[in-house]
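Residues per chain, in single letters:
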Amino acid sequence: MSEVRCSCSCGKAGLVVTGPVMGRVRCHCTICQTANRAAYADSMILLAKHVPLERVDYVRFETMKDPPAIQRGFCRSCGCHVVAYGSYWRFLSLAFVPVARFPAEVPLPEPAMHVFYDFRIADVADAVPKYGKWPSDLAVLRTILRTRWGRAGRS
Ligand SMILES: [Zn+2]
Ligand SMILES: [Zn+2]
């Protein structure tokens, strides 16, 4: 896979994705709702090393302490949510990039799960598995392993 350049809505902040997408998750937690100014965050899951921090431009980071501790990056100009980094397990550091940050022509996998669904603003009528909180390590890993590039476009 070649590099993908993602950017915020005003175009000043950006980052480069250098590796494959591992999955797609819709998070209904209140932090995601606030950060994305939406009912939930629709994000791509990547390995943190595939979103190199030294190539993240014009972003200010905030640490959100709610477990799991996560660093969220916002455009310094328009304030839109560009990237989040978190370590969910001792051995795995992940990055999350909102779907809207990807260029439209990049094929992205379908959502694999809703998480923190107990905090939802509205019910979502789809067949995607829903978890009340962040699911078990096993559920996430299964999702990551199942996701492949190019299987489906965006919904
Ligand atoms: Zn911006
Ligand atoms: Zn969330």
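Everything below is about the structure shown above.
Below or above, wherever it landed, is the structure these notes cover. (Residues numbered from 1 in each chain as written. Chains lettered and ligands numbered in written order. Predicted model: local features only at pLDDT ≥ 70, side-chain atom pairs only at ≥ 80, totals over all residues. Heavy atoms only, no water.)

### Some details on the coordination of the zinc ion (ligand 2)
Taken together, Cys 27 (SG), Cys 29 (SG) and Cys 32 (SG) make up the full set of protein donors to the zinc ion (ligand 2), lying 2.1 to 2.3 Å away. Sequence positions of the residues that donate to the zinc ion (ligand 2) give the spacing C-x1-C-x2-C. For Cys 27, a relative accessible area of 10% corresponds to the buried category. (Donors = N, O, S within 2.8 Å, 3.2 Å for Na, K, Ca; no water. Buried < 20%, exposed > 50% of the residue type's maximum accessible area, 1.4 Å probe, protein only.)

### Things to note about the packing of aromatic side chains
By convention here, two paired aromatic rings are described through the distance between centres and the angle between planes. Within this structure, the stated rule accounts for two aromatic pairs. On the numbers, 6.2 Å between centres and 55° between planes, the contact of Phe 116 with Phe 119 is tilted. In this structure Phe 116 comes out as buried when scored by relative accessible area, which is 17%. Residue class for Phe 119 comes out partly exposed when judged on its relative accessible area of 44%. Here the guanidinium or amino end of Lys 130 rests over the ring plane of Tyr 117, the centre of that ring lying 5.7 Å away. (Phe/Tyr/Trp six-rings, centres within 6.5 Å; stacked < 30°, edge-to-face > 60°. Lys NZ or Arg CZ within 6 Å of the ring centre and 35° of its normal.)

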